[in-house]
Amino acid sequence: MYLFIECWKARQEWITLSQADRADYLTQVSGGVGDLIKAGVEIVSWSMNDKNTSNRGDYDCFAVWKFPNKEIALQFEQIVEQSGWYNYFDQVNFKGSLSDPQSIIEAMIKN
């Protein structure tokens, strides 16, 4: 299993769109989510970034996805890029295989 976390906030290009244009764009983009679900992708959550968070990252929204493998996660990245999403949103991504605290602690010590 692969975990994918995306954090984003609106760029000026998004802010200047009308609400109707925003709705149209999001309808188009969300159309492919059903295909992802059929491929075994799980949406863990889409959330608003709580303003009362210690050491809060400067992003308004985030999504957590589970992918059955790295290849599908890579396909997802390509779909997002091709959709023009990054024209409208400033975004950072995190991707990695599911792990446990001890494995990560060991890796942190070695690196």
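This one's a predicted model, so the numbers in the text were calculated from it and none came from an experiment.

**Notes on the confidence of the model for the protein chain**
And step 1. Within the protein chain, residue pLDDT values average 95, and 100% of them lie at 70 or more.
And step 2. Per-element confidence in the protein chain ranges from a low mean pLDDT of 87 for helix α3 (residues 33-38) to a high of 98 for helix α1 (residues 12-15).

**Describing the environment of Ser18**
And step 1. Within the secondary structure layout, Ser18 lies in the loop between α1 and α2 (19-30).
And step 2. Within the structure, the side chain of Ser18 is placed 3.0 Å from the backbone nitrogen of Asp21, a separation counted as a polar contact.

**A closer look at the sheet that holds strand β4 (residues 89-97)**
What links the strands of a sheet is backbone hydrogen bonding, and the strands pair in either a parallel or an antiparallel sense.
And step 1. Taken in spatial order, the four strands line up as β2-β3-β1-β4 in an open sheet, and their pairing is antiparallel. Each end of this open sheet is capped by a strand with a single partner; those strands are β2 (42-48) and β4. Taken pair by pair, the neighbouring strands of this sheet meet at an average axis angle of 15°, ignoring direction.
And step 2. Note: strand β1 (residues 2-10) against β4, nine bridges, orientation antiparallel. Across the sheet, residue Ala10 finds its bridge partner in β4, namely Phe89.

**What to know about the side chain of Glu6**
And step 1. Of note, Glu6 is situated in strand β1.
And step 2. For the buried Glu6, no salt bridge exists, and the shortest N-O distance to an oppositely charged side chain is 12 Å, to Lys95.
And step 3. Apart from residues lying up to four places away in sequence, Glu6 is in contact with Cys61, Phe62, Ala63, Trp65, Phe76, Gln91, Val92 and Asn93.

About the cut-offs
Residues numbered from 1 in each chain as written. Predicted model: local features only at pLDDT ≥ 70, side-chain atom pairs only at ≥ 80, totals over all residues. Heavy atoms only, no water. pLDDT = per-residue confidence, 0-100. Helix = DSSP H or I, 4+ residues; strand = E, 2+ residues; numbered from the N terminus. Polar contact = N/O pair within 3.5 Å; in protein donor to acceptor, adjacent residues only side chain to side chain. Pairing = 2+ DSSP bridges. Axes fitted to C-alpha atoms, helices over the stretch in contact; angles between N-to-C directions. Buried < 20%, exposed > 50% of the residue type's maximum accessible area, 1.4 Å probe, protein only. Lys, Arg positive; Asp, Glu negative; His and termini not counted. Salt bridge = Lys/Arg side-chain N within 4 Å of Asp/Glu carboxyl O. Contact = heavy atoms within 4.5 Å.

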